[in-house]
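What the coordinates show
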Amino acid sequence: MLGLLLAGAVLSLPAVRDIEEWSYDQRLRNRPYKEPLSDLVIVGIDADSLRRIDAPGYLLKPFFAEFLKAMTQARASSLFLDVILDVNVDTVVQNLVRERSQLLNVPLPPNFISDLGFELPFRQALLEAGRSGLKVVMEFHKEANGAVSGMHQLLSLIIPANQRGFTNLLTSPDGIIRRVNLSVPDPITGKRHPSVALAVA
């Protein structure tokens, strides 16, 4: 028992931890190169493209909807959206249109206002993807107090719990990311939330 305590004390020393992390880095650098999966595709939006668009993120949701439709038609097996979609402006837009129509005394069709907005095409594309069998994984961020942020409540009703993953990473004292938790417990329910890596797998 004393030996185990001494070993634990030694391993907790910063110098020993640094050696362990250095050896871990060397093992990763020296491991054989492995070809990436041939059926894995990464579609990125670079910072320059976003600057040229110069628009709030919610204006891009119809484009995400078109992308989802294309992936559904292409029969992709799974799709991870590395975009936090937490802003819902549809209610604001609908209320503004309703107020202006009443002010100008312009009657509108019953479904006009409810179908107005940026969220609807995206939600419809998510529902269609789910019906077709496409596994869509979306991310959220877990705060230090255990609260979950980064996903609108309505989207959380559409996306199953096992397809919602957290993006929190573990940073070593030297600022390098070497590890990530595969799941974390919910402080209220006790259920475990998967990481995006586990959700995609």
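Shown above is the structure to which this text applies.
The following paragraphs examine the structure supplied in this document. (Residues numbered from 1 in each chain as written. Predicted model: local features only at pLDDT ≥ 70, side-chain atom pairs only at ≥ 80, totals over all residues. Heavy atoms only, no water.)

Some thoughts on the environment of N168
Mapped onto the elements of the fold, N168 is located in the loop between β4 (164-166) and β5 (170-171). Expressed as a C-alpha distance, the spacing of N168 and V184, which sit 16 residues apart in the sequence, is 10.0 Å. (Helix = DSSP H or I, 4+ residues; strand = E, 2+ residues; numbered from the N terminus.)

Describing the nonpolar core
Of all hydrophobic cores here, the largest spans 14 residues; its most connected members are L68, F122, L126, V136 and M138. If you list the elements that add at least two residues to this core, you get α4 (61-73), β1 (78-81), α6 (119-132) and β2 (135-142). With 4 residues, the top contributor of residues to this core is α6. (Core = buried A, V, L, I, M, F, W, Y, C linked by side-chain atoms within 4.5 Å. Buried < 20%, exposed > 50% of the residue type's maximum accessible area, 1.4 Å probe, protein only.)

Notes on the packing of α4 against α6
Two elements in contact, α4 and α6, have axes separated by 8 Å at closest approach and are oriented at 15°. Of the possible angle classes, the one that applies to α4 and α6 is roughly parallel. For the pair α4 and α6, the crossing hand works out as left-handed. Here K61, F64, A65, L68, K69 and T72 of α4 come into contact with α6, specifically with E119, P121, F122, A125, L126, E128, A129 and S132. Residues of the contact of α4 with α6, tallied by class, amount to 8 nonpolar, 2 polar and 4 charged. (Axes fitted to C-alpha atoms, helices over the stretch in contact; angles between N-to-C directions. Parallel < 35°, antiparallel > 145°, perpendicular 65-115°, else oblique. Left-handed = near helix turned anticlockwise from the far one by under 90°. Contact = heavy atoms within 4.5 Å. Nonpolar A, V, L, I, M, F, W, Y, C, P; charged D, E, K, R; others polar.)

Notes on the side chain of S101
Looking at the secondary structure, you find S101 in helix α5 (residues 90-103). Each residue touching S101, except ones within four places of it in the same chain, is listed here: V106 and L108.

Observations concerning unusual backbone geometry
A positive phi is found at R75, a non-glycine position, where the angle reads about 60°. Relative to the assigned elements, R75 resides in the loop between α4 and β1. A positive phi angle, near 55°, is found at N105, a position not held by glycine. With respect to the helices and strands, the residue N105 is situated in the loop between α5 and α6.

Some details on the side chain of R178
Looking at the secondary structure, you find R178 in strand β6 (residues 177-179). In this structure, R178 is in contact with E21, Y24, D25, L170 and S172, ignoring residues within four places of it in sequence.

Purely geometric stuff here, so don't read any function into it on its own.
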